[in-house]
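Structural description and commentary
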Amino acid sequence: MDHPKTDSFKKSWREKRSVTMVYILLRTSVVLVMLAQIFNRNFENVFLCVLTLLLFMMPSLMERKLDIALPNTLEIIILLFIYAAEIMGEIGAYYVNYPYWDTVLHTLNGFLCAAIGFSLLDILNRHNEVRFHLSPLYLAIVAFCFSMTVGVIWEFFECTMDQLFFLDMQKDTVVSTIGSVMLDPTGGNTPVVLKDITDVIIVQADGTQTTLGLGGYLDIGLLDTMEDLFVNFIGALTFSIIGYLYVCSRGKNKFAKRFIPVANNSTPPTEPKPTETE
């Protein structure tokens, strides 16, 4: 008699071969990275590897607990996103070595969160036992708002970590021009603009002076936060449009179906019955 886990693996291999292959490759890579980090006695990165392995199990866990079916494309994107954020971004230092790595992931995060927000209502909209009747535009707006809310909460988290532990999660930006009303010599509300800034000298309470030598003024996280929210907006808007077209096509849009989870106990959208004309 086959073991239940063996049967589950065979079923996954038969029904979701591409997802299973990606899962095995990524999981193997994480285990190898974890062994290297253990050897180097870098236990913080070991924790990140363990966290990544746990996160890899979330898609299949969601399918079982919520009784839904995740499309292969969406599930692969989720797995790659986790790997890119934790292993490549944190342990591989891609966030530092590749300036646009964080931007790409925030864009993808906006897309994925919109997919989650859209699916939460779409599943109820099509469930046999719990039926809502929500318009495609309403579903798209909810998906967009859900994604943007998650993005804002994440920026709150980054700001809190930076203020409490100085982690610099909100990456700083070097700028050459600033404008501030605090520089107004009259104490009024007129912003004073400083252009062509090439360096900044920090004077501490004990009189110590430190030249930053960064080629400009150091913006503490504001521009990074706004960029993250903007690309989150792009990702959320992109999926909201895809979801809107999916519902309008009554589930026949093959491209959109790659990103929309479906409840196993659901009724596919159908064409409305034509009304009789007198």
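Owing to the predicted nature of the structure, the values given are computational and were not obtained by experimental measurement.

**Points about the overall build of the protein chain**
Scanning the protein chain for helices and strands turns up 10 helices and eight strands. Taken over 278 residues, the protein chain has a buried fraction of 34%. The contacts of the protein chain with a sequence gap of at least 6 include a subset with a gap of at least 24, amounting to 59%. Approximately 17,800 Å² of the protein chain is accessible, and the part contributed by carbon and sulfur atoms is 65%.

**With respect to the packing of aromatic side chains**
All told, the structure shown has 10 aromatic pairs when counted by the stated rule. Considering the side-chain rings of phenylalanine 118 and phenylalanine 239, the 5.8 Å spacing of their centres and the 75 degrees angle between planes classify their relative orientation as edge-to-face. One end of the pair, phenylalanine 118, is in helix H7 (residues 101-126); the other, phenylalanine 239, is in helix H9 (residues 222-248), with 121 residues separating them in the sequence. Members of the aromatic cluster, connected to one another through ring pairs, are Phe111, Phe118, Phe239, Phe255 and Phe259.

**Concerning unusual backbone geometry**
The residue phenylalanine 166 is not glycine, and still its phi comes out positive at about 55 degrees. Considering the arrangement of structural elements, one finds phenylalanine 166 in the loop between helix H8 (136-165) and strand S2 (173-175). For phenylalanine 166, a relative accessible area of 70% gives the class exposed. Of note in the backbone geometry, aspartate 168 takes a positive phi value of approximately 55 degrees without being a glycine. By relative accessible area, which is 30% here, aspartate 168 ends up partly exposed.

**Some details on the side chain of glutamate 63**
With respect to the element layout, glutamate 63 can be found in helix H4 (residues 58-66). What glutamate 63 contacts, discounting residues up to four positions off in sequence, is Lys16, Ile68, Ala69, Leu70 and Glu75.

**A word on the nonpolar core**
By size, the foremost hydrophobic cluster in this structure holds 27 residues, and its most contacted members are Phe111, Leu112, Phe118, Phe239 and Tyr246. Among the elements of the structure, helix H5 (72-91), H7, H8 and H9 are those that each provide at least two residues to this core. Residues Leu26, Met34, Cys49 and Leu53 belong to the second largest nonpolar core, which totals 17 residues.

**Here's the deal with a nonpolar patch on the surface**
Judged by side-chain polarity, Leu137, Ile141, Phe230, Phe233, Ile234, Leu237, Ile241, Tyr244 and Leu245 come together as a nonpolar surface patch covering roughly 800 Å² of accessible area. At the level of secondary structure, the elements contributing two or more residues to the nonpolar patch comprise H8 and H9. Looking at the nonpolar patch element by element, the count peaks at seven residues for H9. Relative to the assigned elements, leucine 245 resides in helix H9.

**Some words on the environment of threonine 107**
Checked against the element boundaries, threonine 107 lands in helix H7. On the accessibility criterion, threonine 107 (26% relative accessible area) is partly exposed. Separated by 121 residues in sequence, threonine 107 and aspartate 228 have C-alpha atoms that sit 7.7 Å apart. For threonine 107, the contacting residues outside a window of four places in its chain are Val231 and Gly235.

**Description of the pattern of salt bridges**
Using the criterion set out here, one finds two salt bridges in the structure. One salt bridge connects lysine 16 with glutamate 63, and the closest N-O pair in it is separated by 2.5 Å. You can see lysine 16 sitting in the loop between helix H1 (4-15) and helix H2 (17-39) and its partner glutamate 63 sitting in helix H4, a full 47 residues away along the chain. When its relative accessible area of 16% is taken as the criterion, lysine 16 is described as buried.

**So, the packing of H2 against H5**
Interaxial distance between H2 and H5 falls to 10 Å at its minimum, and their mutual angle equals 15 degrees. With respect to each other, H2 and H5 are oriented roughly parallel. The element H2 and its partner H5 pack so that their crossing is left-handed. Residues Ser18, Val19, Val22, Tyr23, Leu26, Ser29, Val30, Val33 and Gln37 of H2 pack against Asn72, Glu75, Ile76, Leu79, Leu80, Tyr83, Ile87 and Ile91 of H5. Each residue belonging to the contact of H2 with H5 can be placed in one class, and the counts come to 12 nonpolar, four polar and one charged.

**A short note on H2**
Taking 1.5 Å of rise per residue, 23 residues should cover 33 Å, and H2 covers 33 Å from first to last C-alpha, within 8% of that figure. Here H2 has its buried residues at Val19, Thr20, Val22, Leu26, Val30, Val33, Met34 and Gln37. With its phi angle positive at about 60 degrees, arginine 41 sits one or two positions after the end of H2.

**Digging into the confidence of the model for the protein chain**
The pLDDT averaged across the protein chain works out to 87; a share of 87% of its residues lies at or above 70. Averaged over each element, pLDDT in the protein chain is lowest for H1 (64) and highest for strand S4 (residues 192-194) (96). In the predicted structure, residues 271-278 sits below a pLDDT of 50 and forms three contacts with residues beyond four places in sequence or in another chain.

About the cut-offs
- Residues numbered from 1 in each chain as written.
- Predicted model: local features only at pLDDT ≥ 70, side-chain atom pairs only at ≥ 80, totals over all residues.
- Heavy atoms only, no water.
- Helix = DSSP H or I, 4+ residues; strand = E, 2+ residues; numbered from the N terminus.
- Buried < 20%, exposed > 50% of the residue type's maximum accessible area, 1.4 Å probe, protein only.
- Contact = heavy atoms within 4.5 Å.
- Areas by Shrake-Rupley, 256 points an atom, 1.4 Å probe, with all protein chains shown as cover.
- Phe/Tyr/Trp six-rings, centres within 6.5 Å; stacked < 30°, edge-to-face > 60°.
- Core = buried A, V, L, I, M, F, W, Y, C linked by side-chain atoms within 4.5 Å.
- Patch = residues over 30% accessible without salt bridge, like charges linked within 9 Å, V, L, I, M, F, W, Y side chains within 5 Å.
- Salt bridge = Lys/Arg side-chain N within 4 Å of Asp/Glu carboxyl O.
- Axes fitted to C-alpha atoms, helices over the stretch in contact; angles between N-to-C directions.
- Parallel < 35°, antiparallel > 145°, perpendicular 65-115°, else oblique.
- Left-handed = near helix turned anticlockwise from the far one by under 90°.
- Nonpolar A, V, L, I, M, F, W, Y, C, P; charged D, E, K, R; others polar.
- Expected span 1.5 Å × (residues − 1).
- pLDDT = per-residue confidence, 0-100.

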